[in-house]
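So you can see what is in the structure, the chains are spelled out below.
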Amino acid sequence: MSDALRSVVIVGGGTAGWMAAVAFSRLLGPAGTRVTLIESDAIPTIGVGEATIPPIRTFHAMLGIEEDAFLRATGGSYKLGIRFEGWTRAGESYVHPFGQIGTDIAGVPFAAQWLRARQAGAADPLGRYSLEARAAEAGRFSRPIANGNSPLSRIGYAYHFDAGRYAAFLRTIAEGHGVVRREGTIERVERGPAGIAAVHLADGSRVAGDLFLDCSGFRALLIEGALETGWTDWAEWLPCDRAVAVPSAADAAPLPLTRAIAERAGWRWRIPLQHRTGNGHVFSSRHLSDDEAIATLLAGLDGEALAEPRVIRFATGHRNRFWNGNCIALGLAAGFMEPLESTSIHLVQSGLQHLLRMLPTGAVPAPAIIERYNRTMTAEFLRIRDFLVAHYHLNARPEPFWRERAAAPIPEGLAEKLALFRAGGRIFREADELFNETSWLALLTGQDARVTGHDPICDAVPIEAVADRLAGIERVVATSLTHMPPHAEALARLGSNGAI
Ligand code: FAD
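Everything quoted here is computed from the prediction, not taken from an experiment.

Trainee: How do you make sense of the overall build of the protein chain when you look at a structure like this?
Mentor: For the protein chain, the count of helices and strands is 15 helices and 21 strands. Here the protein chain has a C-alpha radius of gyration of 23 Å; the compact-globule value for 500 residues is 23 Å, and the two agree. With the C-alpha coordinates of the protein chain rotated into their principal frame, the extents come out at 75 × 50 × 45 Å. With the model as given, the accessible surface of the protein chain reaches about 19800 Å², and the carbon-plus-sulfur share is 52%. Here the protein chain contributes 50 positively and 54 negatively charged side chains, and the mean placements of these two sets differ by 2 Å.

The structure is reproduced here in structure tokens:
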């Protein structure tokens, strides 16, 4: 560790701020770096952000966070995927499951063989071959078991959790590692030769540091407010710009999946926790008023509303530079894409992981490091954006919002992905792309993207043999499912019902 990085200042105590605090204090604390986090009681956190994707487990493992303790503390539940309801047409649904679907057949990837068999009328819907998809719909869950070849040994899963409790949970850990928390509102940011020199709080105190992490949410106090880094706007690709959120009473038999239900001009989420259900409606304000969005949300609740609905305005896009001078933006200060695939918290994690590999070794970070970080994060945002846009582009819904989305131009990268898929079902994952071939297959098939022809390599195996193998995979999945207990039972084993 260089002498230069003696002090890291984190601005913001939401999910991003406390994730950063735990990561920095755990990994750099022993080397003597002082970590200070500033948050304001007068400025609330966003209060949403409760569905995650599997890499969060790696993050927790890296930081020594124990799963049971985390789930008990946050009222959390398990998540095996997302069910998209009505995204192609009303009444149709599919699950984008975590984990692997099927296995290679005669050395050829499952996706290619399944697509070919489907064209020949010799395959069931994709979800039948995914243990995660079937368990999610059946309300069953188990952690992976140690058993060689069984799909039970490689169950892919993530979590839902209460955002407020997660921040509090992380705070306890971070403070245990020596993070100093300062409560106060930052009124002025002092610039210096490296970028940011210090922040000034309402009580008159000044907090200086070597490196500043801007986790101040949509305000982007340092990266934009002080450094005027600039913003790349993605409204043309992702037109939803508002959400309304409300908690409702807990579901006694929660499904281990996030529901994403298409609506007239957007979609609703439903996230089951132990002590309540999180609900929200993401929509385009050009097509729907706040009142209409609230009415749709409330009409769709399964249980009693536990609070007044809250409207959240947002823009989709990202900072032109995620790292500028000695300031790195994380979380909503860095950028935002709507929560359709639960990627925001992951982007905080990913930003932190890249950052911890690229920490400056001198007083001034090497421009090459900053450029590499910015390029990496920009590419990551962009690829996720394309994945999200595909959900909107490939739809056959009749409402004006959806017709507009189907007709709108799409980003070049997505156009290429679709062209490759349509010509024989080819899926290529870009380097470091978050979503793998399985995710793209689930999405493109779920959204009914048509494929012409198939990969000729499949023809080495007679279709009857492929059909037999597919039937075998389906049987193994069905048998594995019987070994998984109800999700509610798996949660009860944690020893808490999530009550405070
Ligand atoms: P915030 O939670 O807004 O925290 C900002 C912090 O900065 C606060 O502590 C505040 O006090 C502090 N602050 C601000 N200004 C000052 C100041 N002047 N002085 C001192 N302190 C200050 N992500 C997912 O991964 N999954 C989801 O399902 C998901 N759903 C979402 C749904 C919606 C509608 C939205 C908008 C976002 C969703 N997200 C989701 C994103 C997720 O909520 C955020 O990425 C995550 O909560 C991180 O937020 P944050 O910490 O950056 O900001």
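Back to the text.
Trainee: What exactly am I supposed to notice about the side chain of Arg405 here?
Mentor: In this fold, Arg405 is placed in helix H11 (residues 400-407). At a separation of 3.4 Å, a polar atom in the side chain of Arg405 contacts the main-chain carbonyl oxygen of Glu236. Apart from the residues lying within four places of it in its own chain, the contact partners of Arg405 are Glu236, Trp237, Pro239, Tyr392, His393 and Asn395.

Trainee: Help me understand the pairing of strand E11 (residues 211-214), please; the structure alone is not making it clear to me.
Mentor: Two faces, one strand: in a regular strand the side chains alternate between the faces of the sheet. The alternating pattern of E11 places Leu211 and Leu213 and Phe212 and Asp214 on opposite faces, both of which are buried. Judged from the four bridges that link them, strand E1 (residues 7-11) and E11 form a sheet pairing that is parallel. Bridging across to E11, Val9 finds its partner in Phe212. Note: E11 against strand E20 (residues 327-329), three bridges, orientation parallel. Its bridge partner being in E20, Asp214 is matched across the sheet by Ala329.

Trainee: Explanation requested: the packing of helix H3 (residues 67-74) against helix H6 (residues 163-176) in the structure shown.
Mentor: Each pair of packed helices can be described by the angle between their axes along with the distance between the axes. In the contact formed by H3 and H6, the axes pass within 8 Å of each other and the chain directions differ by 130°. By the criterion of interaxial angle, the relationship of H3 to H6 is oblique. Along this stretch, H3 crosses H6, giving a crossing that reads as right-handed. Across from Ala69, Phe70, Ala73 and Thr74 in H3, the residues of H6 making contact are Arg165, Tyr166 and Phe169. Of the residues assigned to the contact of H3 with H6, the class counts are five nonpolar, one polar and one charged.

Trainee: Can you walk me through the site of the ligand in this structure?
Mentor: Gly13, Ile43, Ala51, Ile186 and Ile345 are the nearest of the 31 residues found near the ligand. Within the contact set of the ligand, a nitrogen atom lies 2.9 Å away from a backbone nitrogen or oxygen of Ile186. Leu332 has a polar backbone atom sitting 2.9 Å from an oxygen atom of the ligand. Counting residues per element, the ones that place at least two in the shell around the ligand are helix H1 (15-28) and helix H9 (344-357). Along the lines of polarity and charge, the residues of the shell around the ligand split into 14 nonpolar, 14 polar and three charged.

Trainee: Sorry if this is basic, but what is going on with the domain arrangement of the protein chain here?
Mentor: Accessible area lost during the coming together of the parts is what is often quoted as the interface size. Here the protein chain is partitioned into domain 1 (7-50 + 162-231 + 317-365) and domain 2 (242-313). Between domain 1 and domain 2, the C-alpha centre-to-centre distance is 29 Å. For the pair domain 1 and domain 2, the summed buried area comes to about 890 Å², and 59% of that belongs to carbon and sulfur atoms. Its largest share of buried area at the contact with domain 2, domain 1 owes to Val48, Glu50 and Asp162, together 45% of the area lost on that side. The tally of links from domain 1 across to domain 2 stands at two salt bridges. The partner of Arg276 in a salt bridge is Glu50, and the shortest N-O contact between them spans 2.9 Å. Run the count over domain 1 and domain 2 and you get five residue pairs in polar contact (both at pLDDT 80 or more). Of the residues that constitute the side of domain 1 that touches domain 2, the class distribution is five nonpolar, one polar and four charged.

Rules of the game
- Residues numbered from 1 in each chain as written.
- Predicted model: local features only at pLDDT ≥ 70, side-chain atom pairs only at ≥ 80, totals over all residues.
- Heavy atoms only, no water.
- Helix = DSSP H or I, 4+ residues; strand = E, 2+ residues; numbered from the N terminus.
- Rg over C-alpha atoms; globule rule 2.2 N^0.38 Å.
- Areas by Shrake-Rupley, 256 points an atom, 1.4 Å probe, with all protein chains shown as cover.
- Lys, Arg positive; Asp, Glu negative; His and termini not counted.
- Charge placed at Lys NZ, Arg CZ, Asp CG, Glu CD.
- Polar contact = N/O pair within 3.5 Å; in protein donor to acceptor, adjacent residues only side chain to side chain.
- Contact = heavy atoms within 4.5 Å.
- Buried < 20%, exposed > 50% of the residue type's maximum accessible area, 1.4 Å probe, protein only.
- Pairing = 2+ DSSP bridges.
- Axes fitted to C-alpha atoms, helices over the stretch in contact; angles between N-to-C directions.
- Parallel < 35°, antiparallel > 145°, perpendicular 65-115°, else oblique.
- Left-handed = near helix turned anticlockwise from the far one by under 90°.
- Nonpolar A, V, L, I, M, F, W, Y, C, P; charged D, E, K, R; others polar.
- Near = heavy atom within 4 Å.
- Domains from an automatic or database assignment.
- Buried area = accessible area lost by both parts, 1.4 Å probe.
- Salt bridge = Lys/Arg side-chain N within 4 Å of Asp/Glu carboxyl O.

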